[in-house]
Amino acid sequence: MSRNKHRISSPFLKPASTVTGVMATVLLALIPAAICYTWFFGIGFLINLAITSVLGLLIEALVMRARGRPVFFYLGDLSMLVTAVLLSFALPPGSPWWIAASGIFIASIFGKHVFGGLGHNVFNPAALAYVSLLVMFPLHMTGWYLPGSGSYAEAPIDPLSAFGVYTSLQLSFPFLREMALTPFAVVPDGFATATPLIEYKFAAPARILMAEAEGFSIWDRQARTGWEMLAVSFAAGGLILLWQKVISWHIPMTVIGTVLLLSTLFYQPGQEAIVGSPWLHLFSTSTMIGAFFIATDPASSPSSAAGKLIYGVLIGTVMYSIRIWGSYLDSVALSILLVNMCSPLIDEWTVRKHLGQLRVRKKSP
Amino acid sequence: MSRISRSLLIKKYIKPFLFRLAGKPGWLSPIYALPGGIVPAPNKQVSLQHKIIGMPSSQLPLPSQLILPLKQHQGDDAVPVVRPGQYVYKRQLIAAAHGNGSVNLHAPTSGFITAIDFQLAAVNIRPQPGRPWHQSIDPRQTAIVIKTDGNDLTDPELPLSPLEVTPWQQRHIDELRQAVFEAGICGLGGAGFPTAIKLSASAIKTLIINGAECEPYITADEALMREYADEIVEGSRIIQTIVGAQDCVIGIEEDKHEAIKAIQSAIAGLESANHPLGGLPVVKLVLVPAIYPSGGEKQLIRIITGIQPMSGQRPSDVGVLCHSVATARAIFKAITDAEPLISRVTTLTGSALRNPVNVEALIGTPLSHLLQFAGFDPSALERLLVGGPLMGYVVDDFETPLLKTSNCLLAASQQDIQSVKASSVPHRDCIRCDFCAPVCPVKLQPQTLYFASRHQRHDSAVQNGILDCIECGACAAVCPSQIPLVAYYRDEKALIHEEADCGESSRWQALFEKHQQRQADNVVAVQQRKLEKLQDKLVSIAEGENPGKEAAVESGSPVTHKSAEQIKSEIEAAVARTRARKAELLSKADINKDGSQ
Ligand code: SF4
Ligand code: SF4
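Cut-offs used in this document
- Residues numbered from 1 in each chain as written.
- Chains lettered and ligands numbered in written order.
- Predicted model: local features only at pLDDT ≥ 70, side-chain atom pairs only at ≥ 80, totals over all residues.
- Heavy atoms only, no water.
- Helix = DSSP H or I, 4+ residues; strand = E, 2+ residues; numbered from the N terminus.
- Buried < 20%, exposed > 50% of the residue type's maximum accessible area, 1.4 Å probe, protein only.
- Contact = heavy atoms within 4.5 Å.
- Areas by Shrake-Rupley, 256 points an atom, 1.4 Å probe, with all protein chains shown as cover.
- Phe/Tyr/Trp six-rings, centres within 6.5 Å; stacked < 30°, edge-to-face > 60°.
- Lys NZ or Arg CZ within 6 Å of the ring centre and 35° of its normal.
- Near = heavy atom within 4 Å.
- Nonpolar A, V, L, I, M, F, W, Y, C, P; charged D, E, K, R; others polar.
- Pairing = 2+ DSSP bridges.
- Expected span 1.5 Å × (residues − 1).
- Lys, Arg positive; Asp, Glu negative; His and termini not counted.
- Salt bridge = Lys/Arg side-chain N within 4 Å of Asp/Glu carboxyl O.
- Polar contact = N/O pair within 3.5 Å; in protein donor to acceptor, adjacent residues only side chain to side chain.
- Axes fitted to C-alpha atoms, helices over the stretch in contact; angles between N-to-C directions.
- Core = buried A, V, L, I, M, F, W, Y, C linked by side-chain atoms within 4.5 Å.
- pLDDT = per-residue confidence, 0-100.
- Left-handed = near helix turned anticlockwise from the far one by under 90°.

Description of the overall build of chain B
And then number 1: When helices and strands are tallied, chain B shows 16 helices and 17 strands.
And then number 2: Of all 597 residues assigned to chain B, the portion counted as buried reaches 52%.
And then number 3: In chain B, once contacts between residues fewer than 6 apart in sequence are set aside, the share between residues at least 24 apart is 75%.
And then number 4: When the accessible surface of chain B is split by element, carbon and sulfur atoms take 53% of a total near 26,300 Å².

What about the overall build of chain A?
And then number 1: The helix and strand tally for chain A stands at 18 helices and 0 strands.
And then number 2: Counting all 365 residues of chain A, 56% fall into the buried class.
And then number 3: Contacts spanning at least 24 positions in sequence make up 74% of the contacts within chain A whose residues lie at least 6 apart.
And then number 4: Carbon and sulfur atoms form 71% of the exposed surface of chain A, whose accessible area is close to 15,600 Å².

Regarding the packing of aromatic side chains
And then number 1: Counting across every chain of the model gives 16 aromatic pairs over all chains.
And then number 2: With centroids separated by 5.4 Å and ring planes inclined at 85°, the aromatic side chains of phenylalanine 19 of chain B and tryptophan 27 of chain B adopt a geometry described as edge-to-face.
And then number 3: Judged by relative accessible area, phenylalanine 19 of chain B falls into the partly exposed class, the value being 24%.
And then number 4: Between the aromatic rings of tyrosine 87 of chain B and phenylalanine 112 of chain B, the centroid separation amounts to 5.0 Å while the plane-to-plane angle is 70°, which identifies the pairing as edge-to-face. A residue pair is termed long-range when its members are at least 10 positions apart, and tyrosine 87 of chain B in strand 4 (residues 87-88) and phenylalanine 112 of chain B in strand 7 (residues 111-117) qualify at 25 residues.
And then number 5: Here phenylalanine 112 of chain B falls in the partly exposed class, since its relative accessible area comes to 43%.
And then number 6: An aromatic cluster is built from Tyr37, Phe45, Phe89, Phe234 and Phe293 of chain A, whose rings are joined through pairwise contacts.
And then number 7: One residue, lysine 24 of chain B, lies across the ring of phenylalanine 19 of chain B, its end atom 4.7 Å from the ring centre.
And then number 8: One Lys or Arg, arginine 329 of chain B, reaches over the ring of tyrosine 228 of chain B and ends 3.9 Å from the middle of that ring.

Examining the environment of glutamate 182 of chain B
Residues and elements named next belong to chain B.
And then number 1: Structurally, glutamate 182 can be placed in helix 3 (residues 173-182).
And then number 2: Judged by relative accessible area, glutamate 182 falls into the partly exposed class, the value being 42%.
And then number 3: Taking the C-alpha atoms as reference, glutamate 182 lies 28 Å from leucine 409; in sequence the two are 227 residues apart.
And then number 4: Discounting chain neighbours no more than four positions away, the residues touching glutamate 182 are Asn104 and His106.

A word on the site of ligand 2
And then number 1: In the vicinity of ligand 2, the contacting residues are Cys440, Pro441, Val442, Leu444, Cys469, Ile470, Glu471, Cys472, Gly473, Ala474, Cys475 and Tyr489 of chain B.
And then number 2: The residue inventory of the shell around ligand 2, partitioned by class, reads 10 nonpolar, 1 polar and 1 charged.

Topic: the pairing of strand 10 (residues 247-253) of chain B
Every other side chain in a regular strand lies on the same face of the sheet, so the side chains alternate between the two faces.
All names here are of chain B.
And then number 1: Counting buried residues in strand 10 gives 6 out of 7 residues, a clear majority hidden from the surface.
And then number 2: Direction of pairing for strand 9 (residues 206-211) relative to strand 10: parallel, over a ladder of 6 bridges. By the bridge assignment for strand 10, leucine 207 is matched with cysteine 248.
And then number 3: Where strand 10 and strand 11 (residues 283-288) come together, 6 bridges link them in parallel fashion. Across the sheet, isoleucine 250 pairs through a bridge with leucine 285, a residue of strand 11.

Quick look at helix 5 (residues 97-110) of chain A
And then number 1: Here helix 5 of chain A contains 14 residues, and its C-alpha end-to-end distance of 20 Å stays within 8% of the 20 Å for a straight helix at 1.5 Å per residue.
And then number 2: Here helix 5 of chain A has its buried residues at Ile99, Ala100, Ala101, Gly103, Ile104, Ile106, Ala107, Ser108 and Ile109 of chain A.

Let's talk about the site of ligand 1
And then number 1: As a structural note, the neighbourhood of ligand 1 is formed by Cys430, Ile431, Arg432, Cys433, Asp434, Cys436, Gln447, Cys479, Pro480, Ser481 and Ile483 of chain B.
And then number 2: Here the residues of the shell around ligand 1 are counted per class, giving 7 nonpolar, 2 polar and 2 charged.

Description of the side chain of aspartate 297 of chain A
And then number 1: Here aspartate 297 of chain A is to be found in the loop between helix 16 (286-294) and helix 17 (305-325).
And then number 2: For the buried residue aspartate 297 of chain A, which engages in no salt bridge, the nearest side chain bearing the opposite charge is arginine 432 of chain B, 8.4 Å off.
And then number 3: In terms of polar contacts, aspartate 297 of chain A uses its side chain to reach the side chain of serine 300 of chain A, at 2.9 Å.
And then number 4: Once residues lying within four places of it in the same chain are set aside, the contact partners of aspartate 297 of chain A are Asn121, Phe123, Asn124 and Pro125 of chain A.

Some details on the sheet that holds strand 5 (residues 93-96) of chain B
And then number 1: The strand order 3-5-6 (chain B) describes an open sheet built from 3 strands, whose pairing is antiparallel. Two strands lie at the open edges of the sheet, namely strand 3 (79-80) and strand 6 (105-106) of chain B, each paired on one side alone.

A closer look at the sheet that holds strand 9 of chain B
Residues and elements named next belong to chain B.
And then number 1: Taking strand neighbours across the sheet as the criterion, the 4 strands line up as 11-10-9-12 in an open arrangement whose pairing is parallel. Edge positions in the open sheet fall to strand 11 and strand 12 (320-324), since each of these has one partner strand only. Direction aside, neighbouring strands of the sheet carry axes that sit 25° apart on average.
And then number 2: Against the sheet, helix 7 (residues 257-272) makes contact with strand 10 and strand 11, and its axis sits at roughly 165° relative to strand 11, the strand it touches most.

Notes on the environment of lysine 284 of chain B
Residues and elements named next belong to chain B.
And then number 1: Along the chain, lysine 284 turns up in strand 11.
And then number 2: In this structure lysine 284 comes out as partly exposed when scored by relative accessible area, which is 41%.
And then number 3: Counting along the chain gives 17 residues from lysine 284 to isoleucine 267, while the straight-line C-alpha distance between them is 7.9 Å.
And then number 4: The residues contacting lysine 284, other than those within four sequence positions of it, are Ser29, Cys248, Val249, Ile250 and Ile267.

Notes on the pattern of salt bridges
Side chains bearing opposite charge may pair, as long as their charged atoms lie close to each other.
Residue and element names in this part refer to chain B.
And then number 1: The full count for this structure, using the stated rule, is 20 salt bridges over all chains.
And then number 2: A salt bridge links glutamate 175 to arginine 171, with the shortest nitrogen-to-oxygen separation between them at 2.1 Å.
And then number 3: Where lysine 198 meets glutamate 297, a salt bridge forms, and the shortest distance between an N and an O atom there is 3.1 Å. With lysine 198 in helix 4 (residues 195-199) and glutamate 297 in helix 8 (residues 297-305), this residue pair connects regions lying 99 residues apart in the sequence.
And then number 4: Using a relative accessible area of 31% as the deciding quantity, one classes glutamate 297 as partly exposed.
And then number 5: Through salt bridges with shared partners, a single network forms among Arg91, Glu231, Arg329, Lys333, Glu339 and Glu360.

Quick word on the environment of serine 64 of chain B
Residues and elements named next belong to chain B.
And then number 1: Along the chain, serine 64 turns up in the loop between strand 1 (53-54) and strand 2 (65-69).
And then number 2: A relative accessible area of 55% places serine 64 in the exposed class.
And then number 3: For serine 64, the contacting residues outside a window of four places in its chain are Ile146, Lys147 and Thr148.

Observations regarding the nonpolar core
And then number 1: Within the largest apolar cluster, 93 residues are counted, with the highest numbers of intra-cluster contacts made by Phe89, Phe234 and Phe293 of chain A.
And then number 2: For this core, the element with the highest residue contribution is helix 1 (residues 19-41) of chain A, accounting for 13 residues.
And then number 3: Ignoring any residue separated from it by four or fewer positions in sequence, one finds phenylalanine 293 of chain A in contact with Val26, Ala29, Leu30, Leu86, Phe234, Gly237, Gly238, Leu241 and Met288 of chain A.
And then number 4: Ranked by size, the runner-up nonpolar core spans 64 residues in total, among them Ala183, Leu285, Val286 and Leu300 of chain B.

A closer look at the side chain of aspartate 416 of chain B
And then number 1: Tracing the backbone shows aspartate 416 of chain B in the loop between strand 17 (408-412) and helix 11 (446-454).
And then number 2: One buried charged side chain, aspartate 416 of chain B, makes no salt bridge at all; its nearest oppositely charged neighbour is lysine 14 of chain A, positioned 7.3 Å away.
And then number 3: Reaching out from aspartate 416 of chain B, the side chain makes a polar contact with the side chain of serine 351 of chain B at a distance of 2.8 Å.
And then number 4: Ignoring anything within four residues of it in the chain, the contact list for aspartate 416 of chain B reads Lys14 of chain A together with Tyr217, Gly350, Ser351 and Ala411 of chain B.

Notes on the confidence of the model for chain A
And then number 1: Taken residue by residue, chain A gives an average pLDDT of 77. The fraction at 70 or more is 74%.
And then number 2: In the model, residues 148-155 of chain A has pLDDT below 50 throughout and makes 15 contacts with residues more than four positions away in sequence or in other chains.

Structural notes on the packing of helix 2 (residues 44-66) of chain A against helix 4 (residues 79-90) of chain A
Residues and elements named next belong to chain A.
And then number 1: With their axes 8 Å apart at the nearest point, helix 2 and helix 4 run at an angle of 145° to one another. Considering the relative orientation of helix 2 and helix 4, their crossing is right-handed. Contacts between helix 2 and helix 4 involve Phe45, Asn48, Leu49, Thr52, Ser53, Gly56, Leu57 and Glu60 from the former and Ser79, Met80, Leu81, Ala84, Val85, Leu87, Ser88 and Phe89 from the latter.

Re the pairing of strand 2 of chain B
Residues and elements named next belong to chain B.
And then number 1: Of all 5 residues in strand 2, 4 are buried, a share of seventy percent or more.
And then number 2: Strand direction decides the pairing type here: strand 2 and strand 8 (residues 143-148), joined by 5 bridges, are antiparallel. Residue pairing in the sheet places proline 69 in a bridge with alanine 143 of strand 8.

Here's what the structure looks like:
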C-alpha cells in the first residue's frame, strides 16, 4: 500500500471535484425521478430504497472490513447509494422485501467487489443485479401494481392516503398481512404484469389505442402518464448531469439517437402494437434511465470519446433489437450488460494518438 | 466542481475566430487550439498591486548571506574559481562553466566567500521517503556562500566590455552568443536549460518569446512585461539576430491587458525609433487564450505555429525556438550592460503573505529573507512552494536560496492549496470517470498511464506516451479520486530511465553481485565472530583462569597435559589463521565491489 498513499507532489491545487461530489450530484439528479416514481406508484419505491441503501452500506462495510480497507473512507464515496437508488428504480414497487435485499447483495458482491471494487467493475452493478433478479424471480420482477383505474387492475397505492401506504407496506412485507398489523387487509391478487412495453407488445393494443385517443393530462395518475412522466424526470436528471459535466454527452445522445433512428425507420403507422412508435420507445422509462444513468457508468463504459460513441450506438441497436425481435421482457439492462462486455475491446480499438507520437507505433519486442 | 473550468470551447475556438474576423490587434494571425487544458482560478491580481521592487533598495535590503548552488540549470555543475575567504566584487565570476551544458555563476553582490560547501542543509535536502520531488535541487549540492558586505561594489578595475562601447547591432553574432554564454544565463521559465546552447541552434525559422504565464499566482513575467517591455522587445531582437529567425513572435495570454499594451507600445516604439534593423521584419504580438498550460514550451509553439515536435524532438529540430520574456530581458541586460545573470524577478505571493509583491531579488537570497520582507505569517502557512500550485515543488527549509529558475514563491495557506497533512490516507481508486483525458494537453490517456505506472508496466507506459507527459498536473487537478497522478508518472519515468541507463541485463548483474557481496560479508562476519571468541579465551587465559569448561570435562585426555602456555600459543595461531582468512575474504569482496561498479 505504500505506493498507494498520498504523496506530496504537484499539483497542489484544491481538488476540483471529489468522488463523493460526483456521486452526490448523481443522487441529486435522481431526486425528480424519485418524487415522480413515488407519486405515481406509491411508497413501495421508498421501501425498496430504504432496504437497498441500508443493506448496501452494510454489505459494503463488511466487504471493506474483510479487505482490510478503511471502512468509512470507502463508504463515503456514496457509490453504493447510487447503485441502491438505481436498483430501486428497476424493482417493481410492490415486490416483496427479499427481492430488494437479494438484488443489492448481487449488485454489491457480484457486480462490484468480485472485480475489485469501484472502478474495476466490468458490469454496471445495478444492471447486473436487475438482470439476475429477472432471471431468478421472473414473476415478482414483472408484477406491478398500477395506479389509477380504468382498464388496469386496480390497486390503491396512492402515497398520500393511509390506505395506499398500508397497501404498499403489505406488498413489500407480506408477513404484515398475516400478522394483521394493518387496520385493513389488502387483497393482493390480481395484479398486472405490465411494463408498458410488454403491455403494448403482447396484451392490449386496442386498449392502449383507445387510451391514446382519449388523451391524457399529466395530473392523471394513470400508468401511462406515470411512465412518461418518469421518463421525463429521468431525462431532466440526465440534463443536470450533463450540465454539471459529470457525464459527457456522447453516450446518452448516441443511445437515444440510435433508438430514435431505428424506431423511426421501422415504424409503421397502425402497427404500434408490434413495433411501437418512436415516442413509446423513447419514453418507456427505461430508455431514459438507461441512457443517462446506467450506460454512463464510468467504470464499465469505454473511456475515449470515440469509444463512447461506438458504445452508445451499440447499446441503442442491441436495445431496439431485443425489444422488437427478442423475447425477453427487458431490453435496456440486458443490452447494457452485453455491451459492457465489449467496452475493454472498444477501449483497445480507440486508443487515441497523443501529440508528438510517431505515426508508426513502435511495438515492444 | 466549478472551480476549475473544463469547458473551453468558447475560449479556444469561438473567441479567437470572432476576434480575428473583427480584426482586433493581436488576433490577426490564426492560432491553433491546444487540446485539453483547464482554467483554474488565476489569483494573479494580488501580487500585481505594486511595481517590481528591486534589491538592494531602501525597502528590500541585502540579505546577510547569499547561497549559490553550483548547479541551477540542466547540465554539469559549474566549477568554483574562488576560494573561501576571498573578497569578490559584484558581477565577478565565481564558478565557471565546465563540461556539458554548464553555466557560469557570478557573485550577485560584493562580499567575502565564507564557504564552498557540499553539506549546506539549505541546499541539501534530506531524503524523505514520501516527498522525493524537489525538482530543481539535486541531493548533495555544492554551494558557494557569500557573506555580503553591504556595499554592493562592482570591481572598479573591471574594463568596459566591448559591448558597452559599441551597440549590439554592430557586433558579430558569435560575439553576442559568447556574451550570453559568459553571462551565465539559463532558461528562467523553470527548466533552466542553458540559453547559450539554445542560441547556437541553426535553421531557426520562428522565434517565440513566451509571455503566456499560465499558472495561477505567478506574475513575474507579467510584471516584467508591464515595466520592462522595451527591454524585452529589444532582447527579442537580439535573440532573433543571433539565431537568424525570420519571424519573431511574442505570445501573451489575452487576459494580461496591461502587459499587452506595454508590449504593443514597445514594438511601436522600436519601429519608429528606426533602429538599424538589418533587414529583419518586426516583432509580432500574438494573443493566446488564457488556458493552462498554454505557457508550456511545446504547447505555446503548437498554439502559435501549429507545429508539433515529435516525441523526443526539441523544438529547435523543427525550426522553432522558444524563450521566456525573462530570458529575453536577461539577454538584453547581458548584451547592453554586460550584466551577468545575478538577479531575477520573482513573485512573492500566497495568503500567508501580507504584502504579496514582485521583487527583483539577487540569486542566492535565502527565501526567509524574501518572505520576511513580504510580511510572512508563519501561522497561516500550509506549505511553501517554489513555483505555482500546479507545477511547483515543496520547500521545507526556509534558508533555501532563490535559484535562477525560481519564478515564484508561494507561501500557501489552506485557502490556496489542498491541505496535505493527510499524508497517510490512501487515495481512492480510479473510477475511470474520464475527467482526466479531455484536459490533457498532450492528448494522453492519464488513467491508462496511471494503471501502467502503478503496476510498473514500463512497456505499456512508454507505449502510451508517458515520456511525452509534461507533468502539467491538469489531469491530477480534475481527478475526483485525487490520485497523485503526477507523482506516479514521475516515479515511473525515473524507473524507466533507470532501466534504460543500466539495461535489464545489467540490473540482474547488479542484483547478482549484491547477492555475492552479501554472502561474502556473511562469511567475514562469521570469521569475525570466531576471532572475537578466541580472543576472549586468550584474555581469560592470560588472566590465569581455568581455560574453560571443555578442558575440565576432557580431563585425562592429552589436552590436559598442555600447559596454559601451549594453549595460549595454539589459540594465537588460530587467531592468526582466522585473521588471514578474513583479510583474504575482504579483499575478494572488494574485488567484487569494483567489478560491480
Ligand atoms: S480523473 Fe482520476 S478517477 Fe477519473 S479516470 Fe482519470 S485518473 Fe481515474
Ligand atoms: S500531467 Fe501529463 S498526463 Fe496529466 S494532463 Fe499533464 S501532460 Fe497530460
